[in-house]
Every structure is written in C-alpha cells, then in structure tokens.
Amino acid sequence: MPELTPALTTASAQKKIVIVGGVAGGMSAATRLRRLDEAAEIIVFERGAHVSFANCGLPYYVGGAIEKRDSLLLQTPQSLFERFRLDVRVKHEVIAIDREHRRVVVRDLLTGQTHSEHYDSLILAGGAQAREGVAGGEIPVRTLRTVEDVDFITAELTDAGPSARAVVIGGGFIGLEAVENLVRRGLNVTLVHRGAHPLSPLDAEMASPVLDALTLHGVDVRLGTSVTNLTSDGVQLSDGSTIEATLVIEASGVTPDTGLAADAGLTIGAAGGIAVDAFQRTNDPSIYAVGDGVEKIDAISNTATLVTMAGLANRHGRSAADAICGLAEPSTPALGTAIVGVFDLTIALVGWNERRLRAAGRPHRVVHTHPLSHAGYYPGAEQMALKLLIDSETDLILGAQIVGRDGVDKRIDVIATGMAGGLTASALSRLELAYAPQFGSAKDAVNLAGYVADNLRTGATRSIQWHELDAARANGAILVDVRSAGEFDRGSIPGAINLPLDEIRDRMGALPDAPLIVHCQVGQRGHTAARLLTQLGADVRNLDGGFKTWEAGLLSTRPTNLMKEKEHDRAIQ
C-alpha cells in the first residue's frame, strides 16, 4: 500500500467521500473530515432510521435510568447538515461496490429505488451484526442494538404488565446490562449462558462476585446451557428445562458485518473482520474501513483480532479521516479495555486473561490483591478484587481484571495507560498517584499490585495460584493458615494447619519438615509469613490472594451448591 504524506488537504482540491454507516465510526469520520476539509462533498448512507444514537445507553432507557427517549438521539440528518454540511441519508442501504469505477449502488429502503453514487474515497462503517439466534414459537425475540429494538421492547413490556418475565440469552456485556435493567424495571429475569460463568473474558475466580450480585438480585442464572427452542409453553433449554417468558433478549454476541466488503473483493482477515492497515485502509487504497466489522491489531500478540468497543470505533473513524486528508498517524494496537456495571458491582478488564495466556503457552506470573477503594479509616471504603497478569520474562503487563464498586474505573484506566506506555508491572509501585483519604490510599491499589509484582520479579517471595493448590498438596506440600484462630474457625481450607502469624517464631518447631504453602485472608500476612519462614530456613510459597481468592475460585467453578450455601448463610445472618 502506498505511503501517506503528512500534508493537510486544502479546500481547493475538492473530494467526494462516501461513508457507509453512521453511529460511532462513521459519524466520527464524517465530522473529522469536515473539520479538516471544508470543501469536500461528504455523503453518509445509513440503512437504519437513526444515524447517530447512544447505542451504549439503550439498556438504561429500557430500565428507566435514562428517562427520555430523545436523550438517546445525539444528532439528526438536519442537525448534521446545519453544523457540518453533511449529506446524511437514512433508510438508504449500500448494496454493492464497483471498485473499478469507484461507485456504490444504493437502495432507498422507503421507495425500493436504486441509484449509483461516485466516490473518491469510501469509508465502510457497517459495524457488526447479531449472531443468528433462536427463532420460532409465540415468544417475541429481540436484540438490544438499535432504537427500534428498545421501542419494541418497552412497548411489549408495557402491554404485558407486571406479570412480564424475560429470558436473556448470553452473559456478556450487553446481556448483563439487559438483565440489570429488566430487573430494575420489575421483571422476573432468567439469564441463560452457555459458559461456566458470566462475562467469559473474566477468569473464573474473578467472576464469583458477578454470580453473587445476580443471585442477590433474584436473577435465575442458568449456566452451561443454551436455548434450543421457543414454544407456546416457554423457552426450552438444552438441559431439558422450560422457562416461562414474555420476551426473549438475544445477546449471545455479534459477528463482523463483512458481506458488502467480501462481495467487492476486499480482503477478509483470519479473525473474520475486514483487513485494514495501520491507517484503516483496505487492500483497495481508495476504500477504508472502521468500527466493529474491522480487524484490529492485538497489543499483546501483535496479531489480528476483533474488538467491539465504541472508543476504538470513534478513534479509527478519526484515523481514516486523517489518512484521507493526508495526516499520516497510524492506529495503535488494541488493548481491549472494557468496563461494565452489574447492579452495584463494577467489573473492568484490559488485555489478556489467564486462561488465554495458558492456552497460548505464554510464560506469565499472576498477582491477586484485595485493596480498599480509599483509606480504610475514612468512611465508605469498599474492597476490590484486582488481578494482574505479567510476562515472566520482561515484567510487562499482559492484562488486568478488577471487580468491586467505587474506584474500579480509575484503577483499570491507570493500568491500561501503563500498558500503552510500556510500563513494567514493577513500575506500577513507583507511580505517583493523587491521594487524599476519601479518594485513595497513600499506597494506592495500583501501587500495591506493583509491590507484589516486584516481590515476585526479584524473588523476594514465591507464590502459588488457587487452582494449583490441590496438585501441590498431593505432592506433599503442607498448607498453613496464618490467620487468627477466630478467622480460622469462621471458615478455612480443609486440611490446613492454623498457626497465626504472630506465633510463628515461637512455634516454628511444630511445623512438619516439608514444603510449606502459607495463606492469610487476602495475601499480605501470607507474604510476611513467607518472608519470615524463608529466613528461618523453610521451603515456602504464599497462596496468591489468600483465602478470599481461593474461595472465589472454588465458588465460580462449582457454583450451584456453593451458591445455595451462601444464600443459606445470608438468610441466617
């Protein structure tokens, strides 16, 4: 592909740019183009009725957090013309691309008539489409992707009244937002998820609080199963059960909408999206592609991947406009930074998870911490679960997951920024972050994760993961719980020896002559015990994240009985 020159297009060299698709990627490209080139003719074809709407806000309109429908509609063809002189045509679908003559064939969906439109540059922003889901029966099925979707859903639920029951298929980001907002609307909700736990990008132990939040709010969670059929009796599942439902929300995922590009002979990459270079150009230098239908470069593996995030769509729309106008600024690889709320819980992640690293055979270290959102002595501090994944050879950060309430968002953003800047995990300990007791701690949650990472890097401590514990004990390791006797009595790992941290020096002789694994509640006292025992000559490792991480991992991998036990305990309390 030819090199771009960093020279801004002047108004005298008029171009005609056609954009297929609006919303995030398409409209970011269109408005950026106008800011760079006042003389360009810019036409946007959008097959839907709305060219610019808050698709990330749709679930919250269904749930009532966003009260006015008009709040979802960010711009209209008229407002875009008045401010940017954009020619926006809704209900128009581009059905073919003639690359040789640089023309697109457009169908007016209201009249059925077609015409062709010439372009100098073409931007494809068609996005993604919902995976083909279950259909049939008398129960309405809807995705949650367009304004038309929420109009249908809210009308259906209004007609159904207080007896309405909903089934949500898929426990990803959209599925969980749908569940939360349907519950807030007063519905009985069942979540059907094919995987072992909701939010598959999370590792198992990090998903445990998500399961807790769902069950605590009355959601019927069906894991490891799928919808097989819809009948007048209800939604039939692969486990043989049937669920009564007024409405089904299909949220099992999306696939890139590449049909138009493929028919035109544009390259579709190995990951399934439209292949582009660092400037969003396809294999045709006059055609660019942006948004959810396009492959991105994974920041961890440097290979093509699919990341469906509004922030990337907006950024890449801008990049395409810059490239067309001669501003050569390549796109940066994608980290996949994401965040979602589930009732009062906040879940955020970036980069790869441990499951993916293990499957790829990539050497790595893991850090679990359970820091407070701000200083513990200041009212309202909330505990978080933080997981950091680190390249064991370079100490670079490969991923992170944080689950909690207050303060999750800013910590994941700090870590994502560190990853983008090439910081090592140990360097997180040296970041100078804003501190006052109501906002954070003198040793911030990010700093603490960096301290643990640095201890592992230097060999000051050795750790073992919760899912490695059984194998280590089978090979002869002895588990020592260094919490207080009271903590031990309230719940412990079966077979552990209780030797409180403050008694180790006096009772060291009571420990067997064998490899030791120590643990506390969250890992900090375990580290102190490991350092002490190491200097006293023991072969010792610290259970990373302590009892709390071990319990979360066990709960998430064996959810049914343990969740019932936790519900029983809550009822007693």
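Just so you know, the residues in each chain are numbered from 1, in the order the chain's sequence is written. Owing to the predicted nature of the model, reporting of local features is limited to residues with pLDDT of at least 70; listing and counting of side-chain atom pairs is limited to 80 or more, with chain, interface and lining totals taken over all residues. The side-chain quantities take in all heavy atoms of the structure and omit both hydrogens and water.

**Q** I'd like a rundown of the side chain of E295, residues and numbers included.
**A** With respect to the helices, strands and loops of the structure, E295 is situated in the loop between β20 (287–289) and β21 (296–297). Each residue is assigned to one of three classes by its accessible area relative to the maximum for its type, calculated with a 1.4 Å probe on protein chains only: buried under 20%, partly exposed between the two thresholds, exposed over 50%. A positive count includes Lys and Arg, and a negative count includes Asp and Glu. His and the chain ends are not counted in either. The term salt bridge refers to a side-chain nitrogen of Lys or Arg lying within 4 Å of a carboxyl oxygen of Asp or Glu. With no salt bridge to any partner, buried E295 finds its closest opposite charge in K296, at an N-O distance of 9.6 Å. Here the side chain of E295 touches G272 through a polar contact of 3.2 Å, landing on its backbone nitrogen. Helix and strand assignments come from DSSP, with helices taken as H or I runs of at least 4 residues and strands as E runs of at least 2, each series counted from the N terminus. Under this definition, polar contacts are N or O atom pairs within 3.5 Å; protein pairs additionally need one hydrogen-donor-capable and one acceptor-capable atom, and for neighbouring residues in sequence, both atoms have to be side-chain atoms.

**Q** Any details on the packing of aromatic side chains? Residues and values, ideally.
**A** Note on aromatic pairs: the rings of Phe, Tyr and Trp (six-membered ring only in Trp) are paired at centre separations within 6.5 Å, and the planes decide the class, stacked below 30 degrees, edge-to-face beyond 60, tilted for the rest. For the structure shown, the criterion picks out one aromatic pair. For the ring pair F547 and W550, a centre distance of 5.6 Å and an interplane angle of 35° mean the geometry is tilted. Linking F547 with W550, this pair stays in helix α16 (residues 546–557), spanning three residues, or about one helical turn. Considered together, F547 and W550 belong to a single accessibility category, that of buried residues. When the NZ atom of lysine or the CZ atom of arginine is within 6 Å of a ring's centre and also within 35 degrees of its normal, the charge is said to sit over that ring. Above the plane of the ring of F81 lies R85, whose end atom (NZ or CZ) is 4.7 Å from the centre.

**Q** Can you lay out the sheet that holds strand β7 (residues 103–108) for me, pointing to particular residues and giving the numbers?
**A** If you trace the three strands from one edge of the open sheet to the other, you get β6-β7-β8, paired in antiparallel fashion. Of all strands in the sheet, those with a lone pairing partner are β6 (92–98) and β8 (114–118), marking the two edges. Going from strand to strand, the sheet's axes swing by 30° on average, the running direction of each strand aside. Pairing analysis gives six bridges linking β6 to β7, with the strands arranged antiparallel. Bridge pairing links D98 to R103 in β7. At least two bridges found by DSSP between two strands is the condition for calling them paired. Only the contacting stretch of a helix is used when fitting its axis, a line to C-alpha atoms as for every element, and angles between N-to-C directions run 0 to 180 degrees.

**Q** So what's going on with unusual backbone geometry? Residues and values would help.
**A** One non-glycine residue with positive phi stands out, namely R102, at about 55°. If you trace the backbone, R102 turns up in the loop between β6 and β7. Judged by its relative accessible area of 36%, R102 is partly exposed. Even without a glycine there, the phi angle at N302 is positive, about 60°.

**Q** Tell me about a negative patch on the surface, and name the residues and values.
**A** Distance thresholds for patches are 9 Å for like charges and 5 Å for nonpolar side chains (Val, Leu, Ile, Met, Phe, Trp, Tyr), applied to residues having over 30% relative accessible area and no salt bridge. Reported accessibility uses the Shrake-Rupley method at a 1.4 Å probe radius. Residues are deemed covered only where the shown protein chains occlude them. Where a charge lies is defined by one atom per residue type: Lys uses NZ, Arg uses CZ, Asp uses CG and Glu uses CD. Side chains of D344, E382, D406, D409 and D413 sit close together on the surface and give a patch of like negative charge. Counting through the fold element by element, D409 comes out in helix α10 (residues 408–420). Assessed through its relative accessible area of 42%, D409 is described here as partly exposed.

**Q** Mind laying out the nonpolar core, listing which residues take part and the relevant values?
**A** Formed by 43 residues in total, the largest nonpolar core has its most connected members in L182, L214 and I347. Ranked by residues supplied to this core, first place goes to helix α6 (residues 204–216) with six residues. Beyond its immediate chain neighbours, meaning those up to four positions away, L214 contacts L176, V179, L191, P198, V219, V221, V342 and F343. As used here, the term nonpolar core means buried Ala, Val, Leu, Ile, Met, Phe, Trp, Tyr and Cys residues forming a set that is joined through side-chain atoms within 4.5 Å. Counting residues in hydrophobic clusters, the runner-up holds 29 residues, among them V350, I397, I415 and A445. By definition, residues are in contact when any of their heavy atoms lie within 4.5 Å.

**Q** Describe the environment of L389, and please don't skip the residues or the numbers.
**A** Within the fold, L389 resides in strand β26 (residues 385–391). A relative accessible area of 0% means that L389 is categorised as buried. Between the C-alpha atoms of L389 and A196, which are 193 residues apart in sequence, the distance is 21 Å.

**Q** Any details on the packing of α6 against α16? Residues and values, ideally.
**A** Where α6 meets α16, the axes come as close as 7 Å, and the angle between the chain directions of the two elements is 75°. On the basis of the axis angle, α6 is roughly perpendicular to α16. In this structure, α6 contributes A204, E205, A207, S208 and L211 to the contact, and α16 contributes T549, A552, G553, L555, S556 and T557. Just so you know the grouping, Ala, Val, Leu, Ile, Met, Phe, Trp, Tyr, Cys and Pro go in nonpolar, Asp, Glu, Lys and Arg go in charged, and all remaining residues, Gly too, go in polar. Broken down by class, the residue content of the contact of α6 with α16 amounts to five nonpolar, five polar and one charged. Every angle not falling under 35 degrees, over 145, or within 65 to 115 is termed oblique; those three ranges are roughly parallel, roughly antiparallel and roughly perpendicular.

**Q** With reference to specific residues and values, describe the pairing of strand β2 (residues 41–46).
**A** Counted residue by residue, β2 has five buried out of six residues, so it is predominantly covered. Here five bridges tie strand β1 (residues 16–20) to β2, and the two strands are oriented parallel to one another. Each bridged residue has a counterpart across the sheet, and for I19 the counterpart in β2 is V44. Pairing of β2 with strand β5 (residues 87–90), which is carried by four bridges, proceeds in the parallel orientation.

**Q** Describe the sheet that holds strand β27 (residues 397–404), and please don't skip the residues or the numbers.
**A** The strands that make up a sheet are held in pairs by hydrogen bonds between backbone atoms, and each pair lies either parallel or antiparallel. Pairing within the open sheet is antiparallel, and its five strands lie in the order β23-β24-β27-β26-β25. At either margin of the open sheet sits one strand with a lone partner, and together these are β23 (338–342) and β25 (364–369). Each strand axis lies, on average, 10° off the axis of its neighbour in the sheet, ignoring direction. In this structure, strand β24 (residues 345–351) lies alongside β27, joined through six bridges in antiparallel fashion. When the sheet's bridge partners are listed, T346 is paired in β27 with G404. Sitting on the sheet, helix α5 (residues 173–184) touches β23 and β24, and the angle it makes with β23 is about 25°.

**Q** Can you lay out α16 for me, pointing to particular residues and giving the numbers?
**A** Given a helix with a known number of residues, its expected span is that number minus one, times 1.5 Å. Taking 1.5 Å per residue, 12 residues should reach 16 Å; α16 reaches 17 Å between its end C-alpha atoms and fits that length. Buried within α16 are the following residues: G546, F547, T549, W550, A552, G553, L554, L555 and S556.

**Q** Before we move on, could you go through α5 and cite the residues and values that matter?
**A** With 12 residues, α5 ought to run about 16 Å at 1.5 Å a step, and its terminal C-alpha atoms sit 17 Å apart, in line with that. Of the residues one or two after α5, G186 is the one with positive phi, at around 105°.

**Q** Requested: an account of the confidence of the model for the protein, with residues and values cited.
**A** Here pLDDT means the predictor's own confidence in every residue, given as a number from 0 to 100. With 95% of its residues at a pLDDT of at least 70, the protein reaches an overall mean of 93. The low-confidence segment residues 560–573 (pLDDT under 50) makes 12 contacts with residues lying over four places distant or belonging to another chain.

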